[in-house]
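# Examining the three-dimensional arrangement
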Amino acid sequence: MRQFLLSTVAIAVVTLVGALPAQAQDVKSRLIRFGYGLSENSNQGRAAKFFAQELDKQSGGKLRLKGFGDATLGSDVQMQNALIGGAQEMMVGSTATLVGIVKDFGVYDLPFLFANEKEADAVLDGPFGEKLMARLQEKGLVGLVYWENGFRNLTNSKRPVTKYEDLSGIKLRVMQNPIYIDMFNQFGANAVPMAFSELFTALETGTVDGQENPVTTIQSSKFYEVQKFLTISRHVYSPWIVLASKRWHDGLSADEKKMLQSAAEASRAFERSDSRKASIESMTELKAKGMQINELPAAELQRMRDKVKPAYDKFAADGGAQVLADLQAALAKVR
Ligand code: KDG
């Protein structure tokens, strides 16, 4: 009887603690600076706002996340360094710009890797994506969740791209990542690596003729003002990754870490849903803004796949063989 009473009391206490309001949990008042590169009125900006609201709700207003858009806290690479040094708490940015910190993140940049969002979600949120994310900790970063940047498409000011040879001679801005540089040089373009924050001006002044990004970014960054042609190629599925400074994150209580992760996971669901809806809306708006839009047929996409297949061999030869094999095994499970 005594044992029964003790276990009943224990269950009651655990239940009560779990339901305790934030005020009774170990949560301090904190300001969290969250940097990102796109505008406030973008899928990235809307998700940052949702993340802040969710964290506010879960922490009783104590964990105040403040979004800083338009790269006001710096480019992805600059913010990554600020997090590592402990000068900034959080950010969201492209996994493509992480290759200088953990080279294996380049696996996500391989052309035509994911066929659809379902595959991407399953691999990124599954054991493969989590394992790769965990490797950031030894470098001073904590990955919380992946968001969706999306399938990337081509824009330029010169001509319609109906086959990859049409890219010949086009100065094409790419992210600062060797796989993108090689890929577009292979297609005959002149790949120009550049931070996102410099891109609009570079397009406006003709420093570059074109770029490649998801249609949501093309719309929210108003690239239609300086680009005439849009080619739907979906040549890479691009993830974003929500990062925290490990120096800062290590100082959080277990309750605070739990709230942060829970709010981040809620923001992931919101962001993907919002991005997919915005992707459809963006196509309508880009047409209305007068962009000349073409979609590459399957036969041309296959030609492009064949043309850049060496990217896979090069990635494997440069030390990426194991991570590529692991990703392909994870993909096979969801196909
Ligand atoms: O800061 C902007 C980046 O997060 C993201 O948009 C990267 O797709 C990207 C690009 O083209 O730089």
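What follows is about helix H12 (residues 310–334). Working note: α-helix, 3.6 residues per turn, so residues spaced by three or four point in the same direction. Taking 1.5 Å of rise per residue, 25 residues should cover 36 Å, yet H12 covers just 24 Å from first to last C-alpha, more than 12% shy of that figure. The sharpest bend along H12 reaches about 120 degrees and sits at Gly 320. Within H12, burial applies to Ala 311, Tyr 312, Phe 315, Gly 320, Val 323, Leu 324, Leu 327, Ala 330 and Leu 331. Buried-residue contacts for H12 involve helix H4 (117–125), helix H5 (127–134) and helix H6 (178–186).

Moving on: the site of the ligand. Around the ligand there are 13 residues in total, and Asp 76, Asn 149, Arg 152, Arg 173 and Asn 213 lie nearest to it. Taking Arg 173, its side chain carries an N or O atom lying 2.7 Å from an oxygen atom of the ligand. Asn 213 has a polar side-chain atom sitting 2.9 Å from an oxygen atom of the ligand. Grouping the constituent residues of the shell around the ligand by class yields four nonpolar, six polar and three charged. Domain assignment of the residues forming the shell around the ligand places at least three in each of domain 1 (29–149 + 238–281) and domain 2 (153–236 + 289–334).

Further remarks concern the packing of H4 against helix H10 (residues 254–288). Running from N to C, H4 and H10 cross one another at 160 degrees; their axes reach a closest spacing of 13 Å. One way to sum up the angle between H4 and H10 is to call them roughly antiparallel. Crossing angle aside, the handedness with which H4 passes H10 is right-handed. In this structure, H4 contributes Glu 117, Asp 121, Leu 124 and Asp 125 to the contact, and H10 contributes Arg 268, Arg 272 and Arg 276. In terms of residue class, the contact of H4 with H10 is made up of one nonpolar, no polar and six charged.

For the protein chain, the assigned domains are domain 1 (29–149 + 238–281) and domain 2 (153–236 + 289–334). Computed over C-alpha atoms only, the centres of domain 1 and domain 2 are separated by 23 Å. Of the residues lining the interface, 37 residues belong to domain 1; the matching set on domain 2 comes to 38 residues. For the pair domain 1 and domain 2, the two sides together bury roughly 3,000 Å², of which 68% comes from carbon and sulfur. Summed over the three residues of domain 1 that lose the most area to domain 2, namely Leu 110, Pro 111 and Phe 112, the buried surface amounts to 25% of that side. At the junction of domain 1 and domain 2, the tally comes to zero salt bridges.

Under the counting rule described, the total for this entry stands at 20 salt bridges. Between Arg 335 and Glu 119 there is a salt bridge whose closest N-O contact spans 2.7 Å. Placement of Arg 335 in the segment after H12 and of Glu 119 in helix H4 is noted, with a sequence separation of 216 residues between them. You can call Arg 335 exposed: its relative accessible area is 56%. Classification of Glu 119 by relative accessible area gives buried; the value is 7%. The partner of Lys 314 in a salt bridge is Asp 318, and the shortest N-O contact between them spans 3.4 Å. Note that Lys 314 and Asp 318 are positioned in helix H12 at a spacing of four residues, about one turn of the helix. According to the relative accessible area criterion, Asp 318 is partly exposed, its value standing at 40%.

Here we come to the pairing of strand E1 (residues 30–35). For E1 and strand E2 (residues 63–68), the ladder comprises six bridges, and the chain directions are parallel. Across the sheet, residue Arg 30 finds its bridge partner in E2, namely Leu 63. Each parallel crossover has a hand, and for E1 linked through helix H2 (residues 43–58) to E2 it is right-handed. With two bridges joining them, E1 and strand E3 (residues 90–94) adopt parallel strand pairing. Bridge pairing in E3 links Gly 35 to Met 91.

In this section: the pairing of strand E5 (residues 153–156). Residues Asn 153 and Thr 155 point to one face of E5 and Leu 154 and Asn 156 to the other, with burial holding for every one of them. As defined by bridge partners, E5 adjoins strand E8 (residues 210–213) across four bridges and the pair is classed as antiparallel. In the sheet register, Leu 154 faces E8, and the bridge partner there is Glu 212. Here three bridges tie E5 to strand E9 (residues 229–232), and the two strands are oriented antiparallel to one another.

With the rule as written, the count across this model stands at 13 aromatic pairs. The structure contains a cluster of three or more aromatic residues connected by ring pairs, namely Phe 34, Tyr 36, Phe 51 and Trp 147. A cation sits over an aromatic face here: Lys 66 above Phe 68, 5.1 Å from the ring centre. Stacked on the ring of Phe 151, the Lys or Arg Arg 234 has its end atom at 4.0 Å from the ring centre.

Calculation criteria
Residues numbered from 1 in each chain as written. Predicted model: local features only at pLDDT ≥ 70, side-chain atom pairs only at ≥ 80, totals over all residues. Heavy atoms only, no water. Helix = DSSP H or I, 4+ residues; strand = E, 2+ residues; numbered from the N terminus. Expected span 1.5 Å × (residues − 1). Bend = angle between axes of the 7 residues up to and from the residue. Buried < 20%, exposed > 50% of the residue type's maximum accessible area, 1.4 Å probe, protein only. Contact = heavy atoms within 4.5 Å. Near = heavy atom within 4 Å. Polar contact = N/O pair within 3.5 Å; in protein donor to acceptor, adjacent residues only side chain to side chain. Nonpolar A, V, L, I, M, F, W, Y, C, P; charged D, E, K, R; others polar. Domains from an automatic or database assignment. Axes fitted to C-alpha atoms, helices over the stretch in contact; angles between N-to-C directions. Parallel < 35°, antiparallel > 145°, perpendicular 65-115°, else oblique. Left-handed = near helix turned anticlockwise from the far one by under 90°. Buried area = accessible area lost by both parts, 1.4 Å probe. Salt bridge = Lys/Arg side-chain N within 4 Å of Asp/Glu carboxyl O. Pairing = 2+ DSSP bridges. Right-handed = clockwise from strand over helix to strand, strands pointing away. Phe/Tyr/Trp six-rings, centres within 6.5 Å; stacked < 30°, edge-to-face > 60°. Lys NZ or Arg CZ within 6 Å of the ring centre and 35° of its normal.

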